[in-house]
Amino acid sequence: MTTPLFERVLVPIAEPEDAKATCEAVVPYLESSGEVVVVHVIEKTEGGPDKAPREARQAQATEIFALAREQFGDAGYDVETELRYGPDVVDEILATAAAFDVTAIAFTPRPGGRWIKLLTGNRANRLTRESTYPILIVPHSEKETPEITEATAATTGDTDGTGYRVLVPIDGTEEALSAVSHACRAYPTADVTCLYVHESASTDVYASMTGGDSSGVDDEDREWQQEVTQRFEEAQAVANDHGVELETVTFPGAVPDAIVTCADELGVDLIVMATRGREGLKQKLLGSTTETVVRRSPVPVTVVR
């Protein structure tokens, strides 16, 4: 039996002022009978002094856990807490995820806070590269995110899921197809749209409107259309295993810009991204591209292996 992807979610919370907003942002992505594990990491430098008195940090953790229990408890979820000490935040998060056998890691980066710093440089790469769990990054937003469950669809009259839309960038790799599978499994009532980015040398629609022989341009266009058709057929084959009919869209430009712009223009509610690829998007769904999308996206981003 397959465990629901967000049945048991690990939520790292860095500071008390993050707790309420983080809990409110994560709740819509939990299963109706889900469990939450809240972890707070006290960074301890090996061989050096603590960054703050231990008693003060422990008191801060107690406040965080109380706020989390209140927020998640009021929403009807079971809450476990874990206080960890260590010199590396990422290591402690991943160790907690393994210890509690979670199905996803979710957090909300606060501008200027510790988590936004975590999403820079090698730490972001490590968290997405080393985690064996989907990572859901939920931005602070004024937009209310609906809960994705069969019960919600029934009560709102949105039985076909058209009120919620998931965007999945694809590039023909197995990793990208696993992101399609994830989206179809996690959000079976949503409208899943696959995006293929045309990363041409020039994205100006007038660039090819020159005099002379256009056969070279025509051949290139035909090859690209064949490539797009093949990629969408591969994605649909994966979606068929979950009984989901995909929508498809192509978008020109640099990969991160195209993903964010497309998400905004389509009004999607979630972006699901693979962590790596070998062709097409290549490794641009790691590192700087992931960071760019996370920072600029107006909607949550789930990063999966």
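Residues numbered from 1 in each chain as written. Predicted model: local features only at pLDDT ≥ 70, side-chain atom pairs only at ≥ 80, totals over all residues. Heavy atoms only, no water.

Enquirer: Teacher, can you tell me more about the sheet that holds strand β7 (residues 191-198) here?
Expert: Adjacent strands of a sheet form backbone hydrogen bonds with each other and so pair up, either parallel or antiparallel. Reading across the sheet, the 10 strands line up as β3-β2-β1-β4-β5-β10-β9-β6-β7-β8 and stay open at both edges, with mixed pairing between neighbours. The open sheet has two free edges, formed respectively by β3 (78-86) and β8 (247-252), since each of these has just one partner strand. Between one strand and the next, the sheet's axes are offset by a mean angle of 25 degrees, whatever the strand orientation. Bridge count for strand β1 (residues 8-12) against strand β4 (residues 104-107) is 2 bridges, and the pairing is parallel. When the sheet's bridge partners are listed, Leu10 is paired in β4 with Ile105. Along the sheet, helix α2 (residues 54-74) contacts β1, β2 (35-43) and β3; its crossing angle with β2, the most-contacted strand, is approximately 165 degrees. (Pairing = 2+ DSSP bridges. Helix = DSSP H or I, 4+ residues; strand = E, 2+ residues; numbered from the N terminus. Axes fitted to C-alpha atoms, helices over the stretch in contact; angles between N-to-C directions. Contact = heavy atoms within 4.5 Å.)

Enquirer: I tried to follow the packing of helix α1 (residues 16-26) against α2 on my own but got confused; where do I start?
Expert: Axis separation between α1 and α2 bottoms out at 9 Å; the angle between their running directions is 25 degrees. Taken together, α1 and α2 sit at an angle that is classed as roughly parallel. Of the two elements, α1 crosses α2, and the hand of that crossing is right-handed. Between α1, through Pro16, Ala19, Lys20, Cys23, Glu24 and Val26, and α2, the contact on the second element is made entirely by Gln60, Glu63, Ile64, Leu67, Ala68, Gln71 and Phe72. (Parallel < 35°, antiparallel > 145°, perpendicular 65-115°, else oblique. Left-handed = near helix turned anticlockwise from the far one by under 90°.)

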